Amino acid sequence: MYTQFSVANIISRRIYTVLLGLVCLPVLLCLPVNKRTRLTSYMYRCWSQTSTKPLWLSRLDCGTQRR
């Protein structure tokens, strides 16, 4: 039902996230906390996504498998 991303796709998403963080760092320091949090949350979702499955659902599945 959900497709896994290729390793190349995951690496390119992570490179994009690092570059976005470096470019936005000066701007992030000047933004209010709520906007800074929104942008870092977006970057975290880009970094963590490994399939087309929603991130919250994959985290929920991982949490139930650990028990």
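Residues numbered from 1 in each chain as written. Predicted model: local features only at pLDDT ≥ 70, side-chain atom pairs only at ≥ 80, totals over all residues. Heavy atoms only, no water.

A. Quick peek at the overall build of the chain. Counting secondary structure elements, the chain contains three helices and zero strands. For the chain, the sequential pattern of α-helices and β-strands runs α-α-α. Taking 67 residues into account, the globule formula puts the C-alpha radius of gyration at 11 Å, and the chain, at 14 Å, lies well above it. Considering only C-alpha atoms, the chain reaches an extent of 40 × 30 × 20 Å along its principal axes. Within the chain, buried positions represent 21% of all 67 residues. A total of about 5300 Å² of accessible surface is found on the chain, and carbon and sulfur atoms cover 66% of it. (Helix = DSSP H or I, 4+ residues; strand = E, 2+ residues; numbered from the N terminus. Rg over C-alpha atoms; globule rule 2.2 N^0.38 Å. Buried < 20%, exposed > 50% of the residue type's maximum accessible area, 1.4 Å probe, protein only. Areas by Shrake-Rupley, 256 points an atom, 1.4 Å probe, with all protein chains shown as cover.)

B. A look at the state of the cysteines. Throughout the structure, instances matching the rule amount to zero disulfides. You can see cysteine 30 has no disulfide; the closest cysteine sulfur is in cysteine 24, sitting 12 Å from it. Cysteine 30 gets classed as exposed once you look at its relative accessible area, which sits at 68%. No disulfide involves cysteine 46; its sulfur sits 11 Å from the nearest other cysteine sulfur, which is in cysteine 24. (Disulfide = S-S within 2.5 Å.)

C. Layout of the confidence of the model for the chain. Mean pLDDT over the chain: 85, with 93% of residues reaching 70 or higher. Within the chain, helix H1 (residues 7-30) carries the highest mean pLDDT (91), whereas helix H3 (residues 55-66) carries the lowest (72). (pLDDT = per-residue confidence, 0-100.)

D. Region of interest: the environment of lysine 35. Structurally, the position occupied by lysine 35 is in helix H2 (residues 33-48). When its relative accessible area of 43% is taken as the criterion, lysine 35 is described as partly exposed. Measuring from C-alpha to C-alpha, the distance between lysine 35 and leucine 19 comes to 19 Å, with 16 residues separating the pair along the chain.

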